[in-house]
Amino acid sequence: VDPENQFEPPEGEEIPALIPPPPMGSTISPWVLDEDISKERTSTEQNLLRTRDKKVNSALETIESGEAELILSHLNIDDAAAIKCAEKLQTSFGMKKFNISLNLVGLEGARALGIVLAKLPKLESLSFSHNYLGNEGAAALAHCLRASTVLTELDLSHNGIGPEVPVEVLQLTA
């Protein structure tokens, strides 16, 4: 076997497509593919989304009741869900801490949340760690937050930022 080509299939043979694993907690065998499994996965995904939405709505209700901290971590919040959260956060003027770490937020979600979070006069701490912001999302968020005078803590770790950190982020942290 040539070490440089060790991952190449032998000539005339194809590498079989990888089959994604079943959803967490599922009893579906990942090696059997048919329409019933496809339907069950879709149903499972729908159930996960409903559960996520319930948890997000419950957390958003606490902030509406005057809580100073909102934790939306590890809820599979993607850009679409982040945009919905942004819409509901527009009147959360008392919020001091916002944590949306360990989710699936990307550029569009960061942009929508950044616009709203920048208007919150008491926001001191913000965590977007372990999302999918990348350079563009981090720059968009930082651009929105640049006028904040009370933000003292910002966590953008584990977001695929780099190797060049966006200028907007550097300016915000200076």
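For the structure, see preceding data.
If you're wondering where the values come from, they're calculated on a predicted model, not measured in any experiment.

Across the junction of glycine 162 and proline 163, the peptide omega takes the value 0°, indicating a cis bond. Within the secondary structure, proline 163 is located in the loop between strand E4 (153-155) and helix H5 (167-173). Within the chain, histidine 74 stands out as a residue other than glycine whose phi angle is a positive 60°. Note on placement: histidine 74 falls in the loop between strand E1 (69-71) and helix H2 (79-88). Phi is positive for asparagine 76, which is not a glycine, with a value near 60°. Assignment of secondary structure puts asparagine 76 in the loop between E1 and H2. Overall, the relative accessible area of 47% leaves asparagine 76 in the partly exposed class.

What follows covers the packing of helix H3 (residues 107-117) against helix H4 (residues 134-145). Geometry of a packed helix pair, given as the angle between the helix axes and the separation of the axes. In contact at an axis separation of 8 Å, H3 and H4 are set at 10° when each is read in the N-to-C sense. Here H3 is positioned roughly parallel relative to H4, judged by the angle of their axes. Judged by residue contacts, Leu107, Ala110, Arg111, Gly114, Ile115 and Leu117 of H3 engage Glu136, Gly137, Ala140, Leu141, Cys144 and Leu145 from H4. Looking at side-chain class alone, the contact of H3 with H4 contains 8 nonpolar, 2 polar and 2 charged residues.

About the thresholds
Starting from 1, residues in each chain are numbered consecutively following that chain's sequence as written. Predicted model: local features are reported for residues with pLDDT of at least 70 only, side-chain atom pairs are reported and counted for 80 or more only, and whole-chain, interface and lining totals are derived from all residues. Heavy atoms from the whole structure form the basis of all side-chain values; hydrogens and water molecules are not counted. A run of H or I in DSSP counts as a helix once it spans at least four residues, and a run of E counts as a strand once it spans at least two, with each numbered from the N terminus. For the exposure calls, accessible area comes from a 1.4 Å probe over protein chains only, and a residue counts as buried if that area is under 20% of its type's maximum, exposed if over 50%, partly exposed in between. Axes, fitted as lines to C-alpha atoms, cover a helix only where it is in contact. Angles between the N-to-C directions of the axes lie from 0 to 180 degrees. For classification, angles of less than 35 degrees are called roughly parallel, those exceeding 145 degrees roughly antiparallel, those between 65 and 115 degrees roughly perpendicular, and all remaining angles oblique. Contacts were defined at the residue level, with two residues in contact if any of their heavy atoms lie within 4.5 Å. Following the grouping adopted for this structure description, the nonpolar residues are Ala, Val, Leu, Ile, Met, Phe, Trp, Tyr, Cys and Pro, the charged ones are Asp, Glu, Lys and Arg, and the polar ones are all others, Gly among them.

By themselves these figures say nothing about function.
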